[in-house]
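Breakdown of the fold
As a plain string of letters, each chain reads:
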Amino acid sequence: MRNAPPETTPFFPRDREWHPPAFTPGYKTSVLRSPQRALISLEGTKSEVTGPVFGHNILGEFDNDLIVNYAKPGEMAIGERILVYGRVLDERGVGIPGALVEFWQANAGGRYRHKKETYLAPLDPNFGGCGRTITDENGGYVFKTIKPGPYPWPNGVNDWRPAHIHFSVFGHGFAQRLITQMYFEGDPMIWICPIVKTIPDENAIKGLIAALDMNNTIPHDMRAYKFDIILRGRRSTFFENRKEGN
Ligand SMILES: [Fe+2]
């Protein structure tokens, strides 16, 4: 468990109405994936709630730099260079230190490095597409990457995912994992995406859109996007999964 001060403000229970229903036919695979029977709760096992402990010793030097972490020596990934940063916050706005944040994404052409990927856009030999970091004492995280491209996917006749980065945030146990996606300010594809449209609350969608932040750019190098991840409460980030073990 984190050595956090005791809760001093009322706990805001998760608003289940805020989540999309599991069955959303506009997102075709939800038809087969959605549960057919009532859900059951399972108690987390001791190993799920007590481990693992993530330390900086698990991180490689370039884990938070997707531009170079898969590239050949002296080479770099192709694409718009960006810096993504923000904080992992609890419902009081207090930063959460020591949280493992993982991210994965398509390359600049919208293609994933995955054996089941079928999109015709080319692989970038210098781009792997995943990385990780651990939040600092203020809950802050930062990584460098290239802006992912949008990609088509088999759903309707012409559905495209907006440019996005997948995020996973671990707490202090395997049973504390939350997963979400980050989108980019100003992208018109966000509002016509069948997956985004399963989210009923417009503010929940807006909470997934990283703001272009020209104050934190690296001049002549990369623009910055700011994405805070709020774990609980009224301003909580929308997560794709429930807390596991709950
Ligand atoms: Fe994706």
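Per an unreviewed UniProt entry, the chain carries the name Protocatechuate 3,4-dioxygenase subunit beta and comes from Neorhizobium petrolearium. Regarding the chain, the UniProt comment filed under Sequence similarities (unreviewed entry) reads as follows: "Belongs to the intradiol ring-cleavage dioxygenase family."

**A look at the overall build of the chain**
In terms of regular secondary structure, the chain is built from three helices and eleven strands. The buried share of the chain, reckoned over its 246 residues, is 26%.

**Comments concerning the pairing of strand β4 (residues 140–146)**
Counting buried positions over the seven residues of β4 gives five, a clear majority of the element. Here seven bridges tie strand β1 (residues 81–89) to β4, and the two strands are oriented antiparallel to one another. Across the sheet, residue Arg81 finds its bridge partner in β4, namely Ile146.

**Section: the confidence of the model for the chain**
Chain-level statistics for the chain give a pLDDT mean of 88 and a share of 89% at 70 or above. This model gives residues 1–9 a pLDDT under 50, and the stretch forms three contacts once residues within four places in sequence are excluded.

**Here we look at unusual backbone geometry**
Phi is positive for His220, close to 60 degrees, though the residue is something other than glycine. Positionally, His220 belongs in the loop between β9 (209–212) and β10 (223–226).

**As for the nonpolar core**
Ranked by internal contacts, the top residues of the largest apolar core, which has 38 residues, are Val88 and Val101. Taken together, the elements giving at least two residues each to this core come down to β1, β2 (100–105), β4, β7 (164–170) and β8 (177–184). Aside from chain neighbours lying at most four places away, what touches Val88 is Gly95, Ile96, Ala99, Val101, Thr135, Gly139, Tyr141, Val169, Ile229 and Leu231.

**Looking at the environment of Thr198**
Its place among the elements puts Thr198 in the loop between β8 and α3 (202–206). Look at Thr198 and you get partly exposed, because 18 C-beta atoms sit within 10 Å. Separated by 168 residues in sequence, Thr198 and Ser30 have C-alpha atoms that sit 10.0 Å apart. Not counting residues up to four positions away in its chain, the partners in contact with Thr198 are Pro20, Thr24, Gly26 and Tyr27.

**Some details on the pairing of β7**
One ladder, built from six bridges, connects β2 with β7; its direction is antiparallel. Note that in β7 the partner of Val101 across the bridge is Val169.

What counts, and where the lines are drawn
Residues numbered from 1 in each chain as written. Predicted model: local features only at pLDDT ≥ 70, side-chain atom pairs only at ≥ 80, totals over all residues. UniProt positions renumbered as here; feature names shortened; annotations may be inferred. Helix = DSSP H or I, 4+ residues; strand = E, 2+ residues; numbered from the N terminus. Buried ≥ 20, exposed ≤ 12 C-beta atoms within 10 Å, placed from the backbone. Pairing = 2+ DSSP bridges. pLDDT = per-residue confidence, 0-100. Contact = placed C-beta atoms within 7 Å. Core = buried A, V, L, I, M, F, W, Y, C linked by C-beta atoms within 7 Å.

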